[in-house]
Amino acid sequence: MGGDHGPSVVVPGIKAYRARFGGEQVHFHLHGDEALIRAEMDKHGLTDADCTIFHTDKVVAMDEKPAQAMRRGKGSSMWNAIEAVKNGTAQAVVSAGNTGALMAISKLQLRMAATGLERPAIVASWPTLRGTTAVLDVGANIGSDAKQLVEFAIMGEAFQSAVHGIEKPTVGVLNVGSEEMKGNDAVREAHAMLRSGHLPINYYGFVEGDDIAKGTVDVIVTDGFTGNIALKTAEGTARFIGTLLKDALKSGIQSKIGALIAMPALKQMSRKIDPSTVNGGPLLGLNGLVVKSHGGATAEGFGNAIRVAVDLARSDYLTKVGTNLARMAEMADLAVKTDGE
């Protein structure tokens with residue numbers, strides 16, 4: 001029921017997912033206003049064999065504070081969907097709703113995947129010249145210490161392997177330069193921990209802002225403050241380029257003829273960089289699978305968020321993350337004992 005469009009995007013998003021990715025052996029539980037959902041199902045040719053509706057007229061508002069959502073959210077469409085994952089009646093939840101509320105309710109119900117983890121991290125699948133790079137965190141944690149950055153590396157590496165099929169993803173830490181002395185204490189300490197070789201991670205080293213679009217590494221680790229600014233800047237730049245391109249192609253008869261000839265290629269480029277289409281950011285670190293869809297996503301974009309959730313549910317992502325987080329805890333214990341000696 002959340003996002004900018006509610007069921008009018010979520011329901012056709014299911015159809016878009018099936019058209020593009022198949023959707024065999026995937027059944028959908030739709031939580032919200034049954035009358036609105038049923039109308040969209042009828043409109044798009046979906047039946048009870050495809051989807052089960054769980055009615056509630058209670059909704060978490062897009063501008064509701066996370067603390068309010070936790071206190072008053074029980075019985076809402078968002079709460080009930082997350083509860084279905086907690087109870088095992090669903091394997092993953094996808095929501096275009098209030099990000100802060102989604103994170104707070106998910107953490108409250110599902111808990112964190114390992115002792116010591118404080119908050120989930122949101123990962124963005126970033127289109128690059130080489131394919132797709134996972135960037136995290138992009139907004140869940142404003143500030144992060146070295147330990148959290150290493151946790152992001154562990155979770156991002158497992159995500160990239162599960163969703164994008166990369167066997168040994170390369171991991172980089174975002175910094176203001178590639179030199180060893182550059183960056184703040186947290187970045188340099190995380191770099192040292194990852195470079196030590198105690199974790200089974202294919203660590204590349206420091207990367208800079210322009211390395212994101214280049215696809216220099218498969219996973220880029222940063223704090224949520226920096227990551228969110230980078231993400232919003234990229235989205236704005238994509239829209240800016242798209243607007244300039246449209247204006248240029250309408251500037252004269254020759255431009256219009258050229259646009260018609262180049263249209264297939266232009267559409268392919270637009271699909272690759274459009275933030276409403278490149279969509280689906282999992283909340284990594286939870287003891288369950290929760291995927292955040294862009295609030296303004298198109299039906300195609302919501303379908304892509306569903307694909308991310310299904311791929312994670314069918315993978316060993318949670319097991320791999322748990323194993324590596326446990327190994328990280330062992331590293332910390334060993335460091336404490338060594339310092340004590």
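Residues numbered from 1 in each chain as written. Predicted model: local features only at pLDDT ≥ 70, side-chain atom pairs only at ≥ 80, totals over all residues. Heavy atoms only, no water.

Novice: Please set out the overall build of the protein chain residue by residue, giving values where relevant.
Specialist: Looking only at helices and strands, one finds 12 helices and 10 strands in the protein chain. By residue count, 46% of the 341 residues in the protein chain fall in the buried class. Within the protein chain, counting contacts between residues at least 6 apart in sequence, those at least 24 apart form 68% of the total. Accessible surface, the protein chain: about 16,700 Å² in total, of which carbon and sulfur atoms supply 54%. (Helix = DSSP H or I, 4+ residues; strand = E, 2+ residues; numbered from the N terminus. Buried < 20%, exposed > 50% of the residue type's maximum accessible area, 1.4 Å probe, protein only. Contact = heavy atoms within 4.5 Å. Areas by Shrake-Rupley, 256 points an atom, 1.4 Å probe, with all protein chains shown as cover.)

Novice: Outline helix α2 (residues 34–44), listing residues and values.
Specialist: I37, E40, M41 and H44 are the residues of α2 that are buried. Down the axis of α2, the sector holding all buried residues measures 105°, keeping them to one side. Within α2, the exposed residues directed more than 90 degrees away from the buried face are A35, D42 and K43. For α2, the elements touching its buried residues are α1 (7–21), β1 (28–32) and β2 (51–55). (Arc of directions from axis to C-beta.)

Novice: I'd like a rundown of helix α4 (residues 77–87), residues and numbers included.
Specialist: Among all positions of α4, only S77, M78, W79, A81, I82, A84 and V85 are buried. On the buried face of α4, the contacting elements are β1, α3 (66–72), β3 (93–95) and α5 (99–110). Just past α4, the residue G88 takes up positive phi, approximately 85°.

Novice: Account for the pairing of β1, with residues named and values stated.
Specialist: One face of the sheet, then the other: side chains in a regular strand alternate in exactly this way. The buried fraction of β1 is high, at four of five residues. When β1 meets β2, the two strands line up parallel, connected through five bridges. Opposite G32, over in β2, you have H55 as the bridge partner. Crossover handedness for the path β1 to α2 to β2: right-handed. (Pairing = 2+ DSSP bridges. Right-handed = clockwise from strand over helix to strand, strands pointing away.)

Novice: Break down the packing of α1 against α2 for me, with residues and values.
Specialist: Contact pair α1 / α2: the axes reach a minimum separation of 9 Å and the direction vectors enclose 40°. With respect to α2, the element α1 is oriented oblique. Between α1 and α2 the crossing geometry is right-handed. Residues P7, S8, V11, P12 and K15 of α1 touch α2, and the partners they reach there are L36, I37, E40, M41 and H44. In terms of residue class, the contact of α1 with α2 is built from six nonpolar, two polar and two charged. (Axes fitted to C-alpha atoms, helices over the stretch in contact; angles between N-to-C directions. Parallel < 35°, antiparallel > 145°, perpendicular 65-115°, else oblique. Left-handed = near helix turned anticlockwise from the far one by under 90°. Nonpolar A, V, L, I, M, F, W, Y, C, P; charged D, E, K, R; others polar.)

Novice: Summarise the layout of surface pockets; cite the residues concerned and give the values.
Specialist: What the second largest pocket holds in volume is close to 840 Å³. If you go around the second largest pocket, you meet 39 residues; those closest to its centre are F28, H29, A92, V93 and V94. Only α1, β1, α4, β3 and α11 (299–313) provide two or more residues apiece to the lining of the second largest pocket. The residue inventory of the lining of the second largest pocket, partitioned by class, reads 26 nonpolar, 12 polar and one charged. (1 Å grid on protein atoms, 1.4 Å probe; cavity = no way out; pocket = protein on both sides within 12 Å on 5 of 7 lines; lining within 4 Å. Points joined across faces, edges and corners; volume = space filled by probe spheres on them.)

Novice: Provide a residue-level description of the packing of helix α6 (residues 146–164) against α11, including the pertinent values.
Specialist: Between α6 and α11, whose axes approach to 8 Å, the crossing angle comes to 105°. Classified by the angle their axes make, α6 and α11 are roughly perpendicular. Mapping the contact onto sequence places F159, A162, V163 and H164 in α6 and R307, V308, D311 and L312 in α11. Tallied by class, residues from the contact of α6 with α11 come to five nonpolar, one polar and two charged.

Novice: How would you summarise the packing of aromatic side chains if you had to cite specific residues and measurements?
Specialist: Within this structure, the stated rule accounts for two aromatic pairs. On the basis of an interplanar angle of 35° and a centroid distance of 5.8 Å, the ring pair of Y17 and F21 is categorised as tilted. Note that Y17 and F21 are positioned in helix α1 at a spacing of four residues, about one turn of the helix. Judged by its relative accessible area of 30%, F21 is partly exposed. (Phe/Tyr/Trp six-rings, centres within 6.5 Å; stacked < 30°, edge-to-face > 60°.)

Novice: Provide a residue-level description of the environment of W79, including the pertinent values.
Specialist: Assignment of secondary structure puts W79 in helix α4. When its relative accessible area of 9% is taken as the criterion, W79 is described as buried. As a C-alpha pair, W79 and S106 span 27 residues in sequence and 8.2 Å in three-dimensional space. Those residues in contact with W79, other than ones at most four positions away along the chain, are M70, G73, K74, I105, L108 and Q109.

Novice: I'd love a proper account of unusual backbone geometry, names of residues and values included.
Specialist: The peptide bond linking L136 to D137 adopts the cis configuration, its omega dihedral lying at 5°. By secondary structure assignment, the location of D137 is in the loop between β5 (131–136) and α6. One non-glycine residue, Q25, adopts positive backbone phi at about 60°. Here Q25 lies in the loop between α1 and β1. Q25 gets classed as exposed once you look at its relative accessible area, which sits at 84%. Positive phi, close to 65°, is recorded for R111, a residue that is not glycine. Examined against the element boundaries, R111 turns out to sit in the loop between α5 and β4 (121–128).

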